[in-house]
Amino acid sequence: PNDAQATQAVLLLLDTYYIRDDLKGLVTEGNTLVSKIQFNPQTRAKVQELVQQAQLKNVKSLAGDFGSKKYAADIIKFAKSNKNSTLGESALFEAFTALKAQNDEKAFEVGEDYLASFPKSNKAKEILLTMTQMALISVDMRRAQRYLTAFAQKFPDDGQSSGYLQ
């Protein structure tokens, strides 16, 4: 189970579930394989990543319409149940994006949760700038100032930060 052919076979097997849109089967099979077979670390990580992606996709499909309040609430619930994981990070970002699209004030709370939970994420900068823009659009100048200051402190080398602390 540690050679390239075994890895390809496992990925092809999981791909058949994905092609058939059997996400539940993919998750079950992936978890079974990881628990019963001693894969090399790279194969194990790849299988676990595919399982996590399938879980998130399944939650998205069950949550319904991207623009609904239920969608964001279900994704937030899923993110909390997968806290401090890459799956939880992806779910929290998805919830933030959905709430932002709805112009929902809860986007600030979810964005702040994301930044607190994943401060080193490559999406942190995008979220902070988006929340700043949202605060400016809603004429919440104190919040915008707080986010600009946080941006300047977190990303001091960014060209945009130079004037935010003055």
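Attention here is on the structure that accompanies the text. Just so it is clear, the structure is predicted and the values come from calculations on it, not from any experiment. (Residues numbered from 1 in each chain as written. Predicted model: local features only at pLDDT ≥ 70, side-chain atom pairs only at ≥ 80, totals over all residues. Heavy atoms only, no water.)

Re the overall build of the chain
Here's step 1: Broken down by element type, the chain carries eight helices and zero strands.
Here's step 2: The order of helices and strands in the chain, counted from the N terminus, is α-α-α-α-α-α-α-α.
Here's step 3: Relative to a compact globule of 166 residues, whose C-alpha radius of gyration would be 15 Å, the chain shows 19 Å and is clearly more extended.
Here's step 4: Expressed along its principal axes, the backbone C-alpha trace of the chain runs to roughly 60 × 35 × 20 Å.
Here's step 5: When each of the 166 residues of the chain is scored for burial, the buried share is 40%.
Here's step 6: When contacts within the chain are restricted to residue pairs at least 6 apart in sequence, long-range pairs at least 24 apart make up 46% of them. (Helix = DSSP H or I, 4+ residues; strand = E, 2+ residues; numbered from the N terminus. Rg over C-alpha atoms; globule rule 2.2 N^0.38 Å. Buried < 20%, exposed > 50% of the residue type's maximum accessible area, 1.4 Å probe, protein only. Contact = heavy atoms within 4.5 Å.)

What to know about the pattern of salt bridges
Here's step 1: Summed over all chains, the structure comprises six salt bridges.
Here's step 2: Ionic pairing is found between Asp22 and Arg20, a salt bridge with its closest N-O pair at 3.5 Å.
Here's step 3: Taking relative accessible area as the criterion, Asp22 reaches 26% and is therefore assigned partly exposed.
Here's step 4: Given the relative accessible area of 55%, Arg20 is considered exposed.
Here's step 5: Each of the salt bridges in this network shares a partner with another, and the network as a whole consists of Glu105, Asp140 and Arg143. (Salt bridge = Lys/Arg side-chain N within 4 Å of Asp/Glu carboxyl O.)

So, helix 5 (residues 86-101)
Here's step 1: Here helix 5 spans 23 Å end to end across 16 residues, near enough to the 22 Å set by a 1.5 Å rise per residue.
Here's step 2: Buried within helix 5 we find Leu87, Gly88, Glu89, Ala91, Leu92, Phe93, Glu94, Ala95, Phe96, Ala98 and Leu99.
Here's step 3: Directly beyond the C-terminal end of helix 5, a positive phi value near 55° is found at Asn103. (Expected span 1.5 Å × (residues − 1).)

Here we look at the side chain of Thr130
Here's step 1: Position of Thr130 relative to the elements: it lies in helix 7 (residues 124-137).
Here's step 2: Contacts of Thr130, omitting those with residues within four sequence positions, involve Phe96 and Lys100.

Points about helix 6 (residues 106-117)
Here's step 1: Here helix 6 spans 17 Å end to end across twelve residues, near enough to the 16 Å set by a 1.5 Å rise per residue.
Here's step 2: Along helix 6, the residues that are buried comprise Ala107, Phe108, Val110, Gly111, Tyr114 and Leu115. Burial along helix 6 is one-sided: seen end-on, the buried residues are contained in an arc of 165°.
Here's step 3: Packing partners of the buried residues in helix 6 comprise helix 4 (69-81), helix 5, helix 7 and helix 8 (141-154). (Arc of directions from axis to C-beta.)

A word on unusual backbone geometry
Here's step 1: For Asn84, which is not glycine, the phi torsion reads 60° and is therefore positive.
Here's step 2: The residue Asn84 is located in the loop between helix 4 and helix 5 in this model.
Here's step 3: A relative accessible area of 57% means that Asn84 is categorised as exposed.
Here's step 4: Notably, Asn103 is not glycine yet its phi reads approximately 55°, a positive angle.
Here's step 5: Relative to the elements of secondary structure, Asn103 occurs in the loop between helix 5 and helix 6.
Here's step 6: On the basis of relative accessible area, Asn103 is assigned to the exposed category, the value being 70%.

Describing the packing of aromatic side chains
Here's step 1: If you walk through the whole model with that rule in mind, you get four aromatic pairs.
Here's step 2: Between the aromatic rings of Tyr114 and Phe118, the centroid separation amounts to 5.4 Å while the plane-to-plane angle is 50°, which identifies the pairing as tilted.
Here's step 3: With relative accessibility at 0%, the residue Tyr114 sits in the buried group.
Here's step 4: Taken together, Phe93, Tyr114 and Phe118 form an aromatic cluster joined through their ring pairs.
Here's step 5: The ring of Tyr17 is capped by Arg20, whose NZ or CZ atom sits 5.1 Å from the centre of that ring. (Phe/Tyr/Trp six-rings, centres within 6.5 Å; stacked < 30°, edge-to-face > 60°. Lys NZ or Arg CZ within 6 Å of the ring centre and 35° of its normal.)

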